[in-house]
Amino acid sequence: MLQPPSAKPQSARLAVLIPFGIVTLIWGSTWLVIRDQLGVVPPSWSVSYRFLVAGIAMSGYALWKRDSWRLGASGLGFAALLGFAQFCLNFNFVYRAEQHITSGLVSVVFAMLLIPNAVLGRIFLGQKLGRQLLIGSAVAMAGIVLLFMREARVDPHGPWQVLAGVGFTLCGVLSASTANVMQATPTAARYPMGSMLAVAMLAGAAFDALFAYATAGPPVIEYRAAYWAGILYLGLFASALAFPLYFGVLRTIGPAKAAYSSVIVPVIAMCLSTLFEGYRWSGLAVAGATLAAAGLVIALRARRPNR
């Protein structure tokens, strides 16, 4: 149904903007935390611990909400596939990317999520891309290109390391986009968000553990307090809290607009890096961040819902 000309666009309503903002702020901080996770513990085991914590927390939330756990065989299969794409493939690719390139460059490349989300949403969900959304996307991607140029210039790794890191990140982008589009389907809407995500996270943790054991051997434990504080932050806030909020926004405004969180995340990551890592803004970085923010405003103010 088309909105009347005077109607406020869905993506500009507080019910969307507030969770959108919370998710973007949380995910903008995760790149620094993920970087601290690399070292003693193999990445796949760190991902396993993260989503075990997230799955337990999500299960508690679903029980508190009294969500039904009767998902049936099809629901369990859907949740397992979602967990494999979002909580196994996506994060294993991202953690490995950060072994090759800086977290800033990973976050910038991940902003490309906007493109497959829009394309897959058009193919599988029949969501039309309005002119204003396309203009906003073009402006935002121009900003991402400038940020990429800046980060690629200052990355201390060699060209082959950068190429490997970007490749892993793009694989993560495609995995995340697949899960995003799954969440926007009528199939996902048939199941309670809490219990479905709890099963998906626990399934993802199981897939992660199997992969970790096959590639890195038995579990590795790091006793550093900061490591486990990071696991709790990533599991509770960046996963159990952020993903239900993000998927709720995605179901309201569609995968293309929801993916704009990934466009702003690198800007937030750079702001936090300025505070905690001494990051220095260049002209390219300022121009890129400005264009990314302008594209977000243009796209989210589009009056025609992305459906």
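As the structure is a computational prediction, the values presented were derived from the model and not from experiment.

A. Region of interest: the overall build of the chain. What the chain contains, in helices and strands, is 12 helices and 0 strands. Listing each helix as α and each strand as β along the chain from the N terminus yields α-α-α-α-α-α-α-α-α-α-α-α. In terms of overall dimensions, the chain is globule-like: its C-alpha atoms have a radius of gyration of 19 Å, near the 19 Å expected for 307 residues. Counting over 307 residues, the chain shows a buried share of 53%. For the chain, contacts bridging at least 24 residues in sequence account for 91% of all contacts bridging at least 6.

B. Main features of helix α1 (residues 14–37). The end-to-end C-alpha distance of α1, which contains 24 residues, comes to 34 Å, matching closely the 34 Å that a straight helix rising 1.5 Å per residue would cover. In α1, a bend of some 30 degrees at Trp 31 exceeds every other bend along the element. Once α1 finishes, Gly 39 follows within two positions and takes phi at roughly 150 degrees, a positive value.

C. Broad picture of the environment of Leu 163. Position of Leu 163 among the secondary structure elements: in helix α7 (residues 159–183). Separated by 62 residues in the primary sequence, Leu 163 and Ile 101 have C-alpha atoms spaced 8.8 Å apart.

D. Broad picture of the pattern of salt bridges. Counted according to the given criterion, the structure contains 3 salt bridges. Among the salt bridges present, the one from Arg 224 reaches Asp 36, with a minimum N-O distance of 3.2 Å. Placement of the pair is Arg 224 in the loop between α9 (193–216) and α10 (225–258) and Asp 36 in helix α1, with a sequence separation of 188 residues. Relative accessible area serves as the criterion here: at 34%, Asp 36 is assigned to the partly exposed category. The closest approach of N and O atoms between Glu 222 and Arg 224, which form a salt bridge, is 2.6 Å. Since its relative accessible area comes to 9%, Glu 222 is described here as buried. Owing to a relative accessible area of 31%, Arg 224 belongs among the partly exposed residues under this scheme. Each of Asp 36, Glu 222 and Arg 224 takes part in a single network of salt bridges with overlapping partners.

E. Representation of a nonpolar patch on the surface. A grouping of Leu 14, Leu 17, Ile 18, Ile 22, Leu 232, Leu 236, Phe 237 and Leu 241 is seen on the molecular surface, where their side chains present a nonpolar patch of about 690 Å² in accessible area. Those elements that place two or more of their residues in the nonpolar patch are α1 and α10.

F. Focus on the nonpolar core. Among the nonpolar cores identified, the biggest contains 78 residues, and Trp 27, Phe 51, Phe 87, Tyr 246 and Tyr 260 are the most heavily contacted of them. When residues of this core are assigned to their parent elements, the largest contribution, 11 residues, is made by α10. Contact partners of Tyr 246, with chain neighbours within four places excluded, come to Val 23, Trp 27, Leu 113, Asn 117, Asn 180, Ala 258, Ala 259 and Ser 261. Val 41, Trp 45, Ala 212 and Tyr 227 belong to the second-largest nonpolar core, a separate cluster that totals 6 residues.

G. Molecular detail of the packing of α1 against α10. α10 packs onto α1 with a crossing angle of 140 degrees between their chain directions and a minimal axis gap of 8 Å. Relative to α10, α1 is oriented oblique. With respect to the hand of their crossing, α1 and α10 are arranged in left-handed fashion. A class-by-class count of the residues in the contact of α1 with α10 yields 24 nonpolar, 5 polar and 2 charged.

H. The side chain of Gln 86, seen in detail. Turning to its location among the elements, Gln 86 is positioned in helix α3 (residues 72–97). Given the relative accessible area of 3%, Gln 86 is considered buried. Once residues lying within four places of it in the same chain are set aside, the contact partners of Gln 86 are Phe 91, Ala 176, Ala 179, Asn 180, Phe 243 and Phe 247.

I. Highlighting the packing of aromatic side chains. Tallying each qualifying case throughout the model produces 16 aromatic pairs. With a centroid separation of 6.5 Å and an interplanar angle of 35 degrees, the aromatic rings of Phe 78 and Tyr 191 are classed as tilted. On the criterion of sequence distance, the pair formed by Phe 78 in helix α3 and Tyr 191 in the loop between α8 (186–189) and α9 is long-range, its members being 113 residues apart. Under the relative-accessibility criterion, Tyr 191 is labelled buried at 10%. Ring geometry for Phe 87 against Phe 243: centres 5.1 Å apart, planes inclined by 90 degrees, an arrangement best described as edge-to-face. In this pair, Phe 87 sits in helix α3 while Phe 243 sits in helix α10, placing the two residues 156 residues apart along the sequence. Both residues of the pair, Phe 87 and Phe 243, belong to the buried class.

Parameters and conventions
Residues numbered from 1 in each chain as written. Predicted model: local features only at pLDDT ≥ 70, side-chain atom pairs only at ≥ 80, totals over all residues. Heavy atoms only, no water. Helix = DSSP H or I, 4+ residues; strand = E, 2+ residues; numbered from the N terminus. Rg over C-alpha atoms; globule rule 2.2 N^0.38 Å. Buried < 20%, exposed > 50% of the residue type's maximum accessible area, 1.4 Å probe, protein only. Contact = heavy atoms within 4.5 Å. Expected span 1.5 Å × (residues − 1). Bend = angle between axes of the 7 residues up to and from the residue. Salt bridge = Lys/Arg side-chain N within 4 Å of Asp/Glu carboxyl O. Patch = residues over 30% accessible without salt bridge, like charges linked within 9 Å, V, L, I, M, F, W, Y side chains within 5 Å. Areas by Shrake-Rupley, 256 points an atom, 1.4 Å probe, with all protein chains shown as cover. Core = buried A, V, L, I, M, F, W, Y, C linked by side-chain atoms within 4.5 Å. Axes fitted to C-alpha atoms, helices over the stretch in contact; angles between N-to-C directions. Parallel < 35°, antiparallel > 145°, perpendicular 65-115°, else oblique. Left-handed = near helix turned anticlockwise from the far one by under 90°. Nonpolar A, V, L, I, M, F, W, Y, C, P; charged D, E, K, R; others polar. Phe/Tyr/Trp six-rings, centres within 6.5 Å; stacked < 30°, edge-to-face > 60°.

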